[in-house]
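This is what each chain is made of:
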Amino acid sequence: MEDNFKLTTEGVLIIASSNSLKDKYKTEEFNYDFPDGLSQLILNNSIIAITNSGGDNLLVEFSLEKELDIIQFDKVIEQSIELSENDELLILSHAEFTMISNKDGDYKNDKCLPIKFSKPIEKGKYLVQIAVIDVEEEFEKYNAYFKVNINLKKISEVTIPNFVCELCE
């Protein structure tokens, strides 16, 4: 399973469990204080938040259970996410995440704009590899600052604590 799409991050790339957003924001108000407002979701391995000061436009490739040759990339970030029954993986800009969180956490709410990436993924714990190539010097070719490969690999237990980090450094 592979998907390719372009995404403008608005400064933060979010990878999230759709069920976790619904569970949290159906009863809680969204806290705009970044990253503190997301800390519980991050600690629960429900979302991954990656800041992006190097340029908002990304060319994203999503894959499942692929072996990445990490030496091909400028940087590889590894974190984890846990998906529940009938869950979907969302890859979002910070603006989309904020909009969804303000609408009871349900991205299917008709008041939310359609998002670029949502995929039903089997329940389980996953290692999320975010592999980055800086293509800023070839911006005209790609219309993006970075090529980002997001790969999920099923794992038996969550061993990597999530934390907010920078896409490029």
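Residues numbered from 1 in each chain as written. Predicted model: local features only at pLDDT ≥ 70, side-chain atom pairs only at ≥ 80, totals over all residues. Heavy atoms only, no water.

Draft legend 1. Quick peek at the overall build of the protein. Along the protein, the regular secondary structure elements total four helices and ten strands. Starting at the N terminus, the α and β elements of the protein follow one another as β-β-α-α-β-β-β-β-α-β-β-α-β-β. Judged by the C-alpha coordinates and their principal axes, the protein covers about 45 × 35 × 30 Å. Within the protein, the fraction of its 169 residues that count as buried is 50%. Residue pairs at least 24 apart in sequence account for 81% of intrachain contacts in the protein once pairs closer than 6 positions are excluded. With an accessible surface of roughly 8600 Å², the protein has 45% of that area assigned to carbon and sulfur atoms. Within the protein, one finds 17 positive and 32 negative side-chain charges whose respective centroids are separated by 6 Å. (Helix = DSSP H or I, 4+ residues; strand = E, 2+ residues; numbered from the N terminus. Buried < 20%, exposed > 50% of the residue type's maximum accessible area, 1.4 Å probe, protein only. Contact = heavy atoms within 4.5 Å. Areas by Shrake-Rupley, 256 points an atom, 1.4 Å probe, with all protein chains shown as cover. Lys, Arg positive; Asp, Glu negative; His and termini not counted. Charge placed at Lys NZ, Arg CZ, Asp CG, Glu CD.)

Draft legend 2. Region of interest: the pattern of salt bridges. Inspection of the entire model under this criterion finds six salt bridges. A salt bridge links Glu 28 to Lys 24, with the nearest nitrogen and oxygen atoms 2.9 Å apart. Judged by relative accessible area, which is 40%, Glu 28 ranks as partly exposed. We classify Lys 24 as buried; its relative accessible area is 15%. Across the pair Lys 66 and Glu 61 runs a salt bridge whose closest N-O atoms are separated by 3.0 Å. (Salt bridge = Lys/Arg side-chain N within 4 Å of Asp/Glu carboxyl O.)

Draft legend 3. Representation of helix α3 (residues 94-101). For α3, a buried count of seven out of eight residues is recorded, marking the element as mostly surrounded by other parts of the structure. Along α3, the residues classified as buried are His 94, Glu 96, Phe 97, Thr 98, Met 99, Ile 100 and Ser 101.

Draft legend 4. Representation of the nonpolar core within the structure. Membership of the largest hydrophobic core comes to 26 residues, with the highest contact counts inside it found for Ile 15, Leu 89, Ile 91, Ile 130 and Ile 150. In this view, Ile 130 contacts Ile 15, Ile 48, Ile 50, Lys 75, Val 76, Ile 77, Val 148, Asn 149, Ile 150 and Leu 167; residues no more than four positions away in its chain are not counted. Counting 17 residues, the second largest nonpolar core, distinct from the first, contains Leu 38, Leu 41, Ile 47 and Leu 92. (Core = buried A, V, L, I, M, F, W, Y, C linked by side-chain atoms within 4.5 Å.)

Draft legend 5. Looking closely at the side chain of Asn 149. Locating Asn 149 in the fold gives a position in strand β9 (residues 146-155). Note on Asn 149: relative accessible area 12%, which makes it buried. Looking at Asn 149, its side chain comes within polar contact range of the side chain of Glu 61, at 3.4 Å. Apart from the residues within four sequence positions on either side, Asn 149 is in contact with Glu 61, Phe 73, Gln 129, Ile 130 and Ala 131. (Polar contact = N/O pair within 3.5 Å; in protein donor to acceptor, adjacent residues only side chain to side chain.)

Draft legend 6. Focus on the sheet that holds strand β10 (residues 165-166). Read across the sheet, five strands follow the order β7-β6-β2-β3-β10 without closing on themselves; strand pairing throughout is mixed. The open sheet has two edge strands with one neighbour each: β7 (117-120) and β10. Against the sheet, α3 contacts β2 (12-17), β3 (47-51) and β6 (88-93), and its axis sits at roughly 120° relative to β6. (Pairing = 2+ DSSP bridges. Axes fitted to C-alpha atoms, helices over the stretch in contact; angles between N-to-C directions.)

Draft legend 7. Inspection of the packing of aromatic side chains at higher detail. In this structure the tally under the stated criterion is seven aromatic pairs. Seen from their ring centres, Tyr 25 and Phe 97 are 6.5 Å apart, and the 80° between their planes marks the pair as edge-to-face. Here Phe 97 lies in helix α3 and Tyr 25 lies in helix α1 (residues 18-25), a separation of 72 residues in the sequence. As far as the burial class goes, Tyr 25 and Phe 97 line up, both buried. Grouped by ring-pair contacts, the aromatic residues Tyr 25, Phe 30, Tyr 32 and Phe 97 constitute a single cluster. (Phe/Tyr/Trp six-rings, centres within 6.5 Å; stacked < 30°, edge-to-face > 60°.)

No statement about biological role is implied by the geometric values presented.
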